[in-house]
Amino acid sequence: MIDFEPSEDQRMMQDSVAQFAKSTLAPRIRESEKLRAVPEDVRRLAHEMGLGFIDVPESAGGQGLGLLTRVMLEEELGSADAGAAFGLSGPGTFGAAVVELGTVEQAAELLADFGSTDGHARFGAVAWSEAKPNKERAGFVTTAVLEGDGYKITGKKAFIINAPHASRFLVFAQVDASKGWGGLGAFVVEKDNAGLKVGSRHDTLGLEAAAFGEITLDNAIVPASARLGGGLSEADFTKAMLRYFSKQALVVAARAVGLARFAYEIALEYCETRKTFGKPIGHFQAVAFNLADRHMDVESSRWLVWKAAFAWDTKRPENEAIRASAQAAAFALEAAMRTGDDCVALHGGSGFIRDLIAEKLMRDAKQIALCCATPEQLDQIAAAIDLRAPLDPALVLPTPDAQAIFT
Amino acid sequence: MIDFVLSKKQQELKEGIHNVGKFVIRPMSLEMDRNHEVPEPFLRNFMKLAGGRGGQDIENFGEDGSGEEGKKERDPSKISEANRTSAVGAEELAWADAAMVLCMPGAGLGGPPVKSTGTPEQRKRFLGMFKGMDTGPLKWGAYGLTEPGAGSDVSGIRSSCRKDGKHWVLNGRKCYITNGGRAIWTVIFATIDPALGRAGHRAFVVEKGTPGFEVGKIEEKMGLRANETAELVLEDCRVPEENLLGGEAAYTTKEGGFMTAMKTFDNTRPLVGAMAVGIGRAAYEYARDFVKENYLIGRPIPRYAAIAAKLSQVSRKLDAARMLVWRATYMADMGIPNAKEASMSKAAAGQAATQACIDAIEICGAHGSIATEHALLEKWFRDVKVYDIFEGTGNIQRIVIAKRIMPGLKAF
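Residues numbered from 1 in each chain as written. Chains lettered and ligands numbered in written order. Predicted model: local features only at pLDDT ≥ 70, side-chain atom pairs only at ≥ 80, totals over all residues. Heavy atoms only, no water.

### Digging into the overall build of chain B
Part 1 of the argument: The number of helices and strands found in chain B is 11 helices and seven strands.
Part 2 of the argument: When burial is assessed residue by residue, chain B has 58% of its 412 residues classed as buried.
Part 3 of the argument: Intrachain contacts of chain B at a sequence separation of at least 6 include 76% that bridge at least 24 residues.
Part 4 of the argument: Of the roughly 16700 Å² that chain B leaves accessible, carbon and sulfur atoms contribute 54%. (Helix = DSSP H or I, 4+ residues; strand = E, 2+ residues; numbered from the N terminus. Buried < 20%, exposed > 50% of the residue type's maximum accessible area, 1.4 Å probe, protein only. Contact = heavy atoms within 4.5 Å. Areas by Shrake-Rupley, 256 points an atom, 1.4 Å probe, with all protein chains shown as cover.)

### Describing helix α9 (residues 318-347) of chain A
All names here are of chain A.
Part 1 of the argument: Its 30 residues place the ends of α9 43 Å apart at the C-alpha level, agreeing with the 44 Å of an ideal helix rising 1.5 Å per residue.
Part 2 of the argument: Of all 30 residues in α9, 22 are buried, a share of seventy percent or more.
Part 3 of the argument: In the stretch just after α9, Gly-348 is the one whose phi turns positive, near 65°. (Expected span 1.5 Å × (residues − 1).)

### Thoughts on the nonpolar core
Part 1 of the argument: One finds A:Leu291, A:Val305, A:Ile368, A:Leu378, B:Phe42, B:Leu170 and B:Phe204 to be the most contacted residues of the largest nonpolar core, which totals 198 residues.
Part 2 of the argument: With 19 residues, the single largest contributor to this core is helix α7 (residues 234-273) of chain A. (Core = buried A, V, L, I, M, F, W, Y, C linked by side-chain atoms within 4.5 Å.)

### A few points about the interface of chain B and chain A
Part 1 of the argument: The partner chain A presents 47 residues to the 48 residues of chain B that form the contact.
Part 2 of the argument: Interface of chain B and chain A: buried area, both sides summed, is about 4500 Å²; carbon and sulfur atoms make up 67% of it.
Part 3 of the argument: Ranking the residues of chain B by area buried against chain A places B:Ile2, B:Phe4 and B:Arg316 at the top, with a combined share of 18%.
Part 4 of the argument: Put simply, chain B and chain A have four salt bridges between them.
Part 5 of the argument: Measuring nitrogen to oxygen at the nearest pair gives 3.3 Å for the salt bridge that ties A:Asp386 to B:Arg288.
Part 6 of the argument: Seen at the junction of chain B and chain A, the total is 21 residue pairs in polar contact (both at pLDDT 80 or more).
Part 7 of the argument: Mapped onto the side of chain B that touches chain A, the elements with two or more residues apiece are α3 (82-96), α7 (256-294), α8 (302-334), α9 (339-363) and α11 (394-405) of chain B.
Part 8 of the argument: Counting residues per element, the side of chain B that touches chain A draws most heavily on α8(B), at 17 residues.
Part 9 of the argument: For the side of chain B that touches chain A, a count of residues per class yields 30 nonpolar, seven polar and 11 charged. (Buried area = accessible area lost by both parts, 1.4 Å probe. Salt bridge = Lys/Arg side-chain N within 4 Å of Asp/Glu carboxyl O. Polar contact = N/O pair within 3.5 Å; in protein donor to acceptor, adjacent residues only side chain to side chain. Nonpolar A, V, L, I, M, F, W, Y, C, P; charged D, E, K, R; others polar.)

### Quick word on the side chain of A:Thr24
Part 1 of the argument: Looking at the element boundaries, A:Thr24 is found in helix α1 (residues 8-25).
Part 2 of the argument: With residues near it in sequence (within four places) discarded, A:Thr24 still touches A:Gln19, A:Val42 and A:Leu45.

### Concerning the domain arrangement of chain A
Residues and elements named next belong to chain A.
Part 1 of the argument: In terms of domain boundaries, chain A breaks down into domain 1 (8-90 + 102-120), domain 2 (124-228) and domain 3 (234-396).
Part 2 of the argument: Relative placement of domain 1 and domain 2: their C-alpha centres are 25 Å apart.
Part 3 of the argument: Contact residues are listed per partner, giving 17 residues for domain 1 and 16 residues for domain 2.
Part 4 of the argument: Summed over both partners, the interface of domain 1 with domain 2 comes to about 1300 Å²; 56% of that surface belongs to carbon and sulfur atoms.
Part 5 of the argument: Among the residues of domain 1 in contact with domain 2, Arg-36, Phe-86 and Leu-110 are the three that bury the most area, contributing 46% of the side total.
Part 6 of the argument: On the surface where domain 1 and domain 2 come into contact, there are two salt bridges.
Part 7 of the argument: A salt bridge links Asp-113 to Arg-168, with the nearest nitrogen and oxygen atoms 2.9 Å apart.
Part 8 of the argument: Run the count over domain 1 and domain 2 and you get seven residue pairs in polar contact (both at pLDDT 80 or more). (Domains from an automatic or database assignment.)

### Describing the pattern of salt bridges
Residue and element names in this part refer to chain B.
Part 1 of the argument: Enumeration over the complete set of coordinates arrives at 70 salt bridges over all chains.
Part 2 of the argument: Measuring nitrogen to oxygen at the nearest pair gives 3.3 Å for the salt bridge that ties Glu-231 to Arg-173. Here Arg-173 lies in strand β3 (residues 167-178) and Glu-231 lies in strand β7 (residues 229-240), a separation of 58 residues in the sequence.
Part 3 of the argument: For the salt bridge of Asp-289 with Arg-288, the shortest nitrogen-to-oxygen distance reads 3.1 Å.
Part 4 of the argument: Given the relative accessible area of 31%, Asp-289 is considered partly exposed.

### Quick word on the packing of helix α8 (residues 285-313) of chain A against α11(B)
Part 1 of the argument: Relative orientation of the contacting elements α8(A) and α11(B) amounts to 85°, with a least axis distance of 8 Å. Looking at the two axes, α8(A) sits roughly perpendicular to α11(B). Here A:Gln285, A:Ala288, A:Phe289, A:Leu291, A:Ala292, A:Asp293, A:His295 and A:Met296 of α8(A) come into contact with α11(B), specifically with B:Asn395, B:Arg398, B:Ile399, B:Ile401, B:Ala402 and B:Ile405.
Part 2 of the argument: Residue composition of the contact of α8(A) with α11(B), grouped by class: nine nonpolar, three polar and two charged. (Axes fitted to C-alpha atoms, helices over the stretch in contact; angles between N-to-C directions. Parallel < 35°, antiparallel > 145°, perpendicular 65-115°, else oblique.)

### Section: the environment of B:Gly247
All names here are of chain B.
Part 1 of the argument: Position of Gly-247 among the secondary structure elements: in the loop between β7 and α7.
Part 2 of the argument: For the pair Gly-247 and Ala-203, spaced 44 residues apart in the sequence, the C-alpha separation amounts to 9.5 Å.
Part 3 of the argument: In this view, Gly-247 contacts Thr-119 and Gln-122; residues no more than four positions away in its chain are not counted.

### Things to note about the packing of aromatic side chains
Here the distance between the centres and the angle between the planes together describe a pair of aromatic rings.
Part 1 of the argument: Counted according to the given criterion, the structure contains 23 aromatic pairs over all chains.
Part 2 of the argument: Where A:Trp303 meets A:Trp306, the ring centres are 5.1 Å apart and the plane angle is 75°; that geometry is what we call edge-to-face. Linking A:Trp303 with A:Trp306, this pair stays in helix α8, spanning three residues, or about one helical turn. A single burial state applies to A:Trp303 and to A:Trp306, both of which are buried.
Part 3 of the argument: Three or more aromatic residues joined by ring pairs form one cluster here, namely A:Phe4, A:Trp303, A:Trp306, A:Phe310, B:Phe4 and B:Tyr330.
Part 4 of the argument: A cation over a ring is seen here: A:Lys247 above A:Trp312, with NZ or CZ 4.8 Å from the ring centre.
Part 5 of the argument: One residue, A:Arg255, lies across the ring of A:Phe86, its end atom 4.4 Å from the ring centre. (Phe/Tyr/Trp six-rings, centres within 6.5 Å; stacked < 30°, edge-to-face > 60°. Lys NZ or Arg CZ within 6 Å of the ring centre and 35° of its normal.)

### Quick notes on α7(A)
Part 1 of the argument: The terminal C-alpha atoms of α7(A), which comprises 40 residues, lie 58 Å apart, in line with the 58 Å expected from a rise of 1.5 Å per residue.
Part 2 of the argument: Summarising burial for α7(A): 31 of the 40 residues are buried, a large majority.

### Overview of empty space enclosed by the protein
Taking a probe equal in size to a water molecule and rolling it over the atoms shows the remaining empty space.
Residue and element names in this part refer to chain A.
Part 1 of the argument: Enumeration according to the criterion identifies two cavities of 30 Å³ or more in this entry.
Part 2 of the argument: In this model, the second largest cavity occupies a volume close to 40 Å³.
Part 3 of the argument: For the second largest cavity, the full set of lining residues is Val-17, Leu-51, Ile-54, Arg-70, Leu-73, Glu-74 and Leu-77.
Part 4 of the argument: Ranked by residue count, the leading element in the lining of the second largest cavity is helix α4 (residues 66-87), at four residues.
Part 5 of the argument: Looking at side-chain class alone, the lining of the second largest cavity contains five nonpolar, no polar and two charged residues. (1 Å grid on protein atoms, 1.4 Å probe; cavity = no way out; pocket = protein on both sides within 12 Å on 5 of 7 lines; lining within 4 Å. Points joined across faces, edges and corners; volume = space filled by probe spheres on them.)

### Some thoughts on the side chain of A:Lys157
Residues and elements named next belong to chain A.
Part 1 of the argument: Note on placement: Lys-157 falls in strand β3 (residues 150-161).
Part 2 of the argument: You can call Lys-157 buried: its relative accessible area is 0%.
Part 3 of the argument: A distance of 2.7 Å separates a polar side-chain atom of Lys-157 from the backbone oxygen of Phe-172.

### What to know about the environment of B:Asn83
Residue and element names in this part refer to chain B.
Part 1 of the argument: On the secondary structure map, Asn-83 appears in helix α3.
Part 2 of the argument: When the C-alpha atoms of Asn-83 and Met-133 are compared, they prove to be 24 Å apart, with 50 residues separating the residues in sequence.
Part 3 of the argument: Filtering out sequence-adjacent residues up to four positions away, Asn-83 remains in contact with Asn-267, Leu-271, Thr-329, Ala-332 and Asp-333.

### A short note on unusual backbone geometry
Part 1 of the argument: The phi dihedral of A:Leu207 is positive, around 50°, even though this residue is not glycine.
Part 2 of the argument: Counting through the fold element by element, A:Leu207 comes out in the loop between β6 (196-201) and β7 (212-223).
Part 3 of the argument: Its identity as a non-glycine residue notwithstanding, B:Leu224 has a phi of 50°, on the positive side.
Part 4 of the argument: Relative to the assigned elements, B:Leu224 resides in the loop between β6 (213-218) and β7.

Have a look at this one:
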């Protein structure tokens, strides 16, 4: 039965995260921006609340509350400081990728220390993207070569969320060059690996509280056991990655919904108070209709994200869940950009000044759409599924050939 | 608990309508459009399936909403799904043929005001007229609000009414009335004094054949051509006082008459939105299947990527609109005020569906606009536009939304 009412537990968690977001994250959004990090005491609080483990399965040491609960809570974080939502410690995207590609035992082992008392200082990261496409052949420039009992990884990975802080990476590299995007492998690389060098941090348009950076792998040796999903067929590996990117897109989309809500709400408040020609600017139709459109954007984005998360939690057919996620995320990311843009526009000149938060929200809105498969890529995935086209990894994975993204 | 899976009953309804739509309604869709009518045998069969009750009365898809006496009372401890079920059914029917939905016998848009404002006697009398349509004659009701000079601004109506003994005397013109010519009765809105604004409004059930109540012009339309849209003329039309909807008492409370009109919209706007989504989905599926058959998919040619992107954008905007429809009907079922959500669903759906039909034609290229080859697509393109117009245009919906999000905003 169609029902929009969260359960009692979901409601309670939503309230407590909303409280945390409102009283802790929101007042410090500029502080985090300047610090270019989420302050340690805030990370500690979030860690104590278990925010990094909401949808990690219980078998892997998580709370096992499902993706729907996760996206509800992510929206609350995003509604206070989307940058902080990316800059909080924990297994993050690394955890999600490990759950998708690894066995239960591997996931439990690799995520254990993120839950420990010093977990607030631990970050996981996924090293997927590369700064340049490979012009010689399809696939990554970075290679992993089987050598003795392990692999030797060489190459440079870019656009990695939390790379400068991460204690553990999941690095994607070309294992079989002849197979193009079907010949990838995923490897767990510890920060203290002798062949790993954490590179410079990117200066970004927005989401400054999260650190985006590069790593270089120079003959980094990892044991064979560090490879995740090595036993999967090419098609299954692609499917697992597609699952990972789809769910990740939903999480990012949920933050975008929160960001859009924030932007819409401050724009609304401004339009109700700022007067011109003797009345609040919101009482002119051009402004009022704009606000109405953005309100529709925020609401419909949220319901689409919920519906897609629900599809995963209730184990709907996989392609249905992937397609729903792609469509929801594409819609939500675009809606957030429209809302951030209009938020600044409705503020007029003051929207451009850093005294107000509007300008940051607009910058964050663009940055956030690059932190998962982009709307352009998501549309290709959704269409491929509906057209029953083969899910060619070159088409459905967010490779640097098409458009580089932050992971 | 959050849930987005249709109930078993809704799923069966959806599949049932889908099959009738695919194998019975769609094959006659073009002929109905050309002949400007839905064949009576089809409607008769449909009424038999619906057990003789008004099929157009879409609330009847769900639990019984007819207000007829003697029906089993609904268990009040059980939450009604009627509005949600109606939305599911309406989308599927419109997917089959949008004009046909509006041609279904029954009280139509006249039903909700009679149900919400009518006295028990009036409900029994006027809604009771639609009984027995499985064997007896087919009947329609209608809703007469719009005038040449007043549409969404209901307070602008100029049709007049004055009390004269045991009758009311009505004068004025109503236009764009769905099923207005064939309706056995029409809910007519008139004013005792335009200076009183909304407080002066009165709603009457005016029966066909009442002296002074005539059908004027039958309109030629861009789309929905199988459905009748009529002008109604009232000239010193004497209506018995017992036909004043709700009786005198209903108008002593402030703005009672106006609220009658508006209550209708809160319930029907999401359903109109659902129908729009149905048409848009039809166009989307048509274009998608055309692409599957005619373009070399899977080959990374730029034309394909652009088409794929457009298909996906069409589809996700329709999905977003459907979620707003579901949300608005969910709130209606829960008894939560939903005027804002109803308007949001209607605005989003009208826009998304119109765009879907435009893009579907473009995706098919030159083929798309050729009536002999892809006639349904061409027809949907014509049918859908009015979903962004009737029951309040997109701009009118935005006025409703704006007033709800800015409580300080009384008027522009």
